[in-house]
Amino acid sequence: MQDTNKQSVVPGAIESILSIFDSTPGRKIITGLSGLGLVGFIIGHLAGNLSLFFGKDAFNAYAEKLHSLGPLLYVIELGLLAVFVFHIVFAITVTAQNKAARSRGYAVKGNAGKPSRKSLASQSMIYTGLLLLVFTVVHVWMFKYGPGINQGYVADVHGAPARDLYRLVAESFQNIWIVLGYSSIMVLLGFHIRHGFWSAFQSLGAYHPKYTPLIYAAGILLAVVLAVGFIAMPVYIYAFVKV
Ligand code: HEM
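Every chain begins its residue count from 1, and numbering advances along the sequence as written. Under the rules for a predicted model, residues below a pLDDT of 70 receive no local features and side-chain atom pairs below 80 are neither given nor counted, while totals for whole chains, interfaces and linings still include all residues.

Points about the overall build of the protein chain
What counts as a helix is a DSSP run of H or I of at least four residues, what counts as a strand is a run of E of at least two, and both are numbered from the N terminus. The helix and strand tally for the protein chain stands at ten helices and two strands. Starting at the N terminus and ending at the C terminus, the protein chain contains elements arranged as α-α-α-α-α-α-α-β-β-α-α-α.

Structural data, given as structure tokens:
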């Protein structure tokens, strides 16, 4: 039920912003935009982590450069957390609304045909998303909040003691189960991003017979590059790096 008193207390502009949060298309747009924001983070994260291939000094120097941002890093991290929360909350809300609508018998069953990309990936977005959430929590706990200088993980970075994050990552990827676990999750990440990318553009109203195939192709390319890039790191370390 709409609150009819809202208009009297909330000025028009604010009300129209709030109405975005209240409508299904608005929620889809927020899910799509926050998802694209997360893709931006993941591309940056992959690019930075590629320094693992250049060895201990390169990776630790990269990590130290990030940490030297100081308070700015906290601001960026808080922003990232906010984007994660928006994405998860709105994705869950949209999925629940879709499910409720389907149970009332509104939805077309089976493949919805073009331009819809209704597929196994689209139907399982909520599950791949929740698995990625669990992965992210475990991952951050493992690396960001894992052992540091006080536990003896110390490296020399440009003549000063710094956290030996390379040793932590390299030690973790000596375990075949961690390598297999990461690799499987990265395949899911690929599927999630491939469908999420298409879906975000659709929610933003970007459908055009000429450009839509390009968006689909870009989604596939992005998914493959991210999945292969992230799988390559644990596999490379397991196969070639001994700590
Ligand atoms: C092989 C793949 C990956 C490796 C080697 C890796 C490595 C790392 C490392 C070493 C950190 C700690 C950074 C620090 O403390 O300075 C970190 C943080 C993080 N990683 Fe990953 N990562 C990988 C994949 C992913 C993926 C796929 C995601 C997202 C789905 C992700 C999300 C994050 C997040 C959110 C943080 C915390 C960032 C922060 O608060 O500063 N990582 N990762």
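Re the site of the ligand
Being near a molecule or strand means, for a residue, that its backbone-placed C-beta atom lies within 6 Å of it. Not every one of the 19 residues close to the ligand is listed here, only the nearest: Glu 77, Phe 143, Lys 144, Phe 230 and Met 233. Among the elements of the structure, helix H3 (24–49), helix H4 (56–67), helix H7 (125–143), helix H8 (165–172), helix H9 (176–203) and helix H10 (212–240) are those that each provide at least two residues to the shell around the ligand. Ranked by the residues each element gives to the shell around the ligand, the list is headed by H7, at five residues.

Digging into the pairing of strand S1 (residues 154–157)
Side chains Ala 155 and Val 157 project from S1 onto a buried face, and the interleaved Val 154 and Asp 156 project onto a face without burial. Two strands qualify as a pair provided that DSSP identifies no fewer than 2 bridges between them. Pairing analysis gives four bridges linking S1 to strand S2 (residues 160–163), with the strands arranged antiparallel. If you follow Asp 156 over to S2, its bridge partner there is Pro 161. Here S1 folds back onto S2 in antiparallel fashion, the turn holding two residues, of which His 158 has a positive phi close to 50°. Buried residues are those with 20 or more other C-beta atoms within 10 Å of their own C-beta, exposed residues have 12 or fewer, and partly exposed residues lie in between; C-beta atoms are placed from the backbone.

Comments concerning the environment of Val 225
Secondary-structure assignment places Val 225 in helix H10. Of the residues examined, Val 225 has 14 C-beta atoms within 10 Å and is grouped as partly exposed. Sequence separation of Val 225 and Gly 190 is 35 residues, and the distance between their C-alpha atoms is 8.5 Å.

Comments concerning unusual backbone geometry
Unusually for a residue other than glycine, His 158 sits at a positive phi of about 50°. Mapped onto the elements of the fold, His 158 is located in the loop between S1 and S2. In this structure His 158 comes out as exposed when scored by C-beta crowding, with 10 C-beta atoms within 10 Å.

Quick look at the environment of Ser 184
With respect to the element layout, Ser 184 can be found in helix H9. Assessed through the 13 C-beta atoms surrounding it within 10 Å, Ser 184 is described here as partly exposed. The spatial distance from the C-alpha of Ser 184 to the C-alpha of Ile 231 is 8.5 Å, given a sequence separation of 47 residues.

Some thoughts on the confidence of the model for the protein chain
Taken over all residues, the pLDDT of the protein chain has a mean of 89, while the share at 70 or more is 89%. For the protein chain, helix H1 (residues 6–9) is the element with the lowest average pLDDT, namely 56, and H8 is the one with the highest, namely 98. Each residue carries a pLDDT score, the predictor's own confidence in it, on a scale running from 0 to 100. A pair of residues counts as a contact when their C-beta atoms, built from backbone coordinates, are within 7 Å of each other. With pLDDT under 50 throughout, residues 106–110 is counted as low confidence; its partners more than four residues away or in other chains account for three contacts.

Re the environment of Gly 35
Mapped onto the secondary structure, Gly 35 falls in helix H3. Expressed as a C-alpha distance, the spacing of Gly 35 and His 87, which sit 52 residues apart in the sequence, is 6.1 Å.

Structural notes on the packing of H3 against H10
At a minimum axis separation of 10 Å, H3 and H10 run at an interaxial angle of 35°. In terms of crossing hand, the pair formed by H3 and H10 is left-handed. Listed contacts from H10 to Ile 42, Leu 46 and Asn 49 of H3 are Leu 226, Gly 229, Phe 230 and Met 233. Residues were grouped as follows: Ala, Val, Leu, Ile, Met, Phe, Trp, Tyr, Cys and Pro as nonpolar; Asp, Glu, Lys and Arg as charged; and all remaining residues, including Gly, as polar. Each residue belonging to the contact of H3 with H10 can be placed in one class, and the counts come to five nonpolar, two polar and no charged. In this analysis an axis means a line fitted to C-alpha atoms, helices contributing only their contacting stretch, and an angle means the value between N-to-C directions, from 0 to 180 degrees. If you view the pair so one helix is near and one far, a crossing is left-handed when the near helix is turned anticlockwise from the far one by less than a right angle, and right-handed when it is turned clockwise.

Topic: H4
A helix is expected to span 1.5 Å for every residue after the first. Taking 1.5 Å of rise per residue, the twelve residues of H4 would be expected to cover 16 Å, and the 16 Å separating its terminal C-alpha atoms lies within 8% of that figure. Listing the buried residues of H4 in full gives Phe 59, Asn 60, Tyr 62 and Ala 63. Down the axis, H4 shows its buried residues gathered within 155° of arc, on one side only. On its buried face, H4 is in contact with H3, S1, S2 and H8. This arc is built from the directions going out from the helix axis to the C-beta atoms.

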